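Structural overview for review
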Amino acid sequence: MSRIRALLVDDEPLARERLRTLLERDSEIEIVGECEDGLSAVSSILELSPDLVFLDVQMPEMDGFQVLRALDSDRLPAVVFVTAYDQYAMRAFDVHAIDYLLKPFDQDRFHRTLDWVKERLRADSDLRSELRALLGDVRRQAAGPERIVIRSRGRVRFVRVQEIEWVEAAGNYVRIHTSETSHLLRETMKGMEGRLGDGFERVSRSAIVRVDRITELQAVAHGEYVLSLAGGGRVRSGRTYSGVMARLIGDQTGPHDEVE
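So, a few notes on the structure that sits alongside this text. Not measured: the values here are computed from a predicted model. (Residues numbered from 1 in each chain as written. Predicted model: local features only at pLDDT ≥ 70, side-chain atom pairs only at ≥ 80, totals over all residues. Heavy atoms only, no water.)

Remarks on unusual backbone geometry
Note the cut-off: By the criteria applied, helices consist of DSSP H or I runs no shorter than four residues and strands consist of E runs no shorter than two, each listed in order from the N terminus. Note on exposure labels: buried denotes an accessible area under 20% of the residue type's maximum, exposed denotes more than 50%, and partly exposed covers the range between, all computed with a 1.4 Å probe on protein chains only.
Omega for the peptide link from Lys 103 to Pro 104 comes to -10°, which places this bond in the cis form. Even without being glycine, Ser 49 reaches a positive phi, approximately 50°. When you line up the elements, Ser 49 lands in the loop between helix H2 (38-48) and strand S3 (52-56). Owing to a relative accessible area of 40%, Ser 49 belongs among the partly exposed residues under this scheme.

Regarding the sheet that holds strand S8 (residues 164-170)
The line we're drawing: In this description, strands pair whenever DSSP reports at least two bridges between them. For helices, the fitted axis covers only the stretch in contact; all axes are lines through C-alpha atoms, and the angles between them, taken along N-to-C directions, range from 0 to 180 degrees. The contact criterion used is simple: two residues touch if any of their non-hydrogen atoms lie within 4.5 Å.
The five strands are arranged S10-S9-S8-S12-S11 in an open sheet whose pairing can be described as antiparallel. Bordering the open sheet on either side are strand S10 (182-185) and strand S11 (200-204), each of which pairs with just one other strand. This sheet shows a mean twist of 20° between the axes of neighbouring strands, independent of strand direction. Examined bridge by bridge, S11 and strand S12 (residues 207-210) share four bridges and lie antiparallel to one another. In the sheet register, Ser 204 faces S12, and the bridge partner there is Ala 207. Of the strands in this sheet, S8, strand S9 (173-178), S10, S11 and S12 touch helix H7 (residues 189-196), which is tilted by about 160° from S8.

Thoughts on the side chain of Thr 113
Its place among the elements puts Thr 113 in helix H5 (residues 107-122). Under the relative-accessibility criterion, Thr 113 is labelled buried at 0%. Discounting residues that sit within four places of it in the chain, Thr 113 has contacts with Val 80, Asp 99, Tyr 100 and Leu 101.

Focus: the pairing of strand S4 (residues 78-83)
Burial analysis of S4 places six of its six residues in the buried class, which makes it a mostly covered element. Burial along S4 is two-sided: the residues Ala 78, Val 80 and Val 82 and Val 79, Phe 81 and Thr 83 are all buried. In the sheet, S3 pairs with S4 via five bridges, with the strands oriented parallel. Bridging from a neighbouring strand, Phe 54 pairs with Val 80 of S4.

A short note on the nonpolar core
Rules: The definition of a nonpolar core used throughout is a set of buried Ala, Val, Leu, Ile, Met, Phe, Trp, Tyr and Cys residues joined through side-chain atoms within 4.5 Å.
One finds Val 9, Leu 55, Val 67, Leu 68 and Phe 81 to be the most contacted residues of the largest nonpolar core, which totals 19 residues. Taken together, the elements giving at least two residues each to this core come down to strand S1 (4-9), H2, S3, helix H3 (64-69) and S4. Those residues in contact with Val 67, other than ones at most four positions away along the chain, are Gly 38, Ala 41, Val 42, Ile 45, Met 59 and Met 62.

Some details on the packing of aromatic side chains
Both the distance between ring centres and the angle between the ring planes are used here to describe each pair of aromatic rings. For the record, the criterion: Any pair of Phe, Tyr and Trp rings, taking the six-membered ring for Trp, is counted once the centres come within 6.5 Å. Such a pair is stacked with planes under 30 degrees apart, edge-to-face with planes over 60 apart, and tilted for the rest. Charge-over-ring contacts are defined here by two conditions on Lys NZ or Arg CZ: a distance within 6 Å of the ring centre and an angle within 35 degrees of the ring normal.
Counting across every chain of the model gives two aromatic pairs. A ring pair is formed by Phe 105 and Phe 110, whose centres lie 6.2 Å apart and whose planes are at 20°; its orientation type is stacked. Phe 110 gets classed as buried once you look at its relative accessible area, which sits at 0%. Sitting over the face of the ring of Tyr 100, Arg 109 holds its NZ or CZ atom 5.6 Å from the ring centroid. It is Arg 186 that lies over the ring of Tyr 173; its NZ or CZ is 5.3 Å from the centre.

Concerning the packing of helix H1 (residues 13-24) against H5
Heads up, the condition is: Each helix crossing is assigned a hand: it is left-handed if the near helix lies turned anticlockwise from the far helix by less than a right angle, otherwise right-handed if that turn is clockwise. Residue classes follow a fixed rule: Ala, Val, Leu, Ile, Met, Phe, Trp, Tyr, Cys and Pro count as nonpolar, while Asp, Glu, Lys and Arg count as charged, and any other residue, Gly among them, counts as polar.
Here H1 crosses H5 at 65°, and the two axes come no closer than 11 Å. Helix-helix and strand crossings are classified by hand; for H1 and H5 the assignment is right-handed. Residues Arg 18, Leu 19, Leu 22 and Leu 23 of H1 touch H5, and the partners they reach there are Gln 107, Phe 110 and Leu 114. Along the lines of polarity and charge, the residues of the contact of H1 with H5 split into five nonpolar, one polar and one charged.

Pasting the structure below:
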């Protein structure tokens with residue numbers, strides 16, 4: 001068969017560089033493009049029609065699953081998910097025989113994945129139907145868990161996701177805020193995005209908010225806002241997340257609403 005045309009999608013430059021370095025050593029692969037966000041990924045897939053996409057699951061504004069849902073089912077390429085998801089989420093990939101690279105991955109794991117993909121493409125396997133089945137499961141799981149388990153000093157606390165107003169980065173931890181208190185959890189912001197599911201949006205590198213707890217938005221700079229939350233919290237959005245804010249505002253206002 002002709003060379004496999006691959007597209008790399010990851011919001012982290014070092015992650016794209018790692019994939020590019022490994023793929024450039026393979027004479028059967030042609031890298032046709034790179035994308036750093038979901039919106040450009042959709043455009044590139046439609047324009048370039050790659051055979052294979054290495055797709056980061058967790059990205060700002062539009063995650064990997066939203067990218068695939070934005071495509072027609074007959075335009076789905078073969079996909080290798082690149083992800084930091086926990087093992088609970090990984091079971092969905094295993095069930096549907098969709099391969100993934102769990103960050104951080106080593107060179108041997110990468111080559112096993114690439115060899116598997118090549119074999120499936122040569123055999124002309126029905127990868128599209130497997131992707132559609134996976135996306136169906138992802139939609140059913142999109143509501144996320146009912147509670148977050150926090151272990152600290154021999155104690156285990158349970159925080160209901162419905163009670164979380166916002167989450168902020170705190171070094172190697174995240175701080176989970178409810179309307180009454182806060183809790184430290186050893187987790188990354190990317191990890192929290194994957195765990196919380198629908199109803200939450202990342203509005204800056206250091207903050208995730210529950211959308212239905214936003215009571216007011218105050219513009220402070222081009223594309224930046226201060227978000228007031230029902231429990232009294234105030235969160236500032238980041239400039240690179242202006243697309244998220246535009247979507248939030250669009251979702252909350254109708255065509256005849258006036259916004260001062």
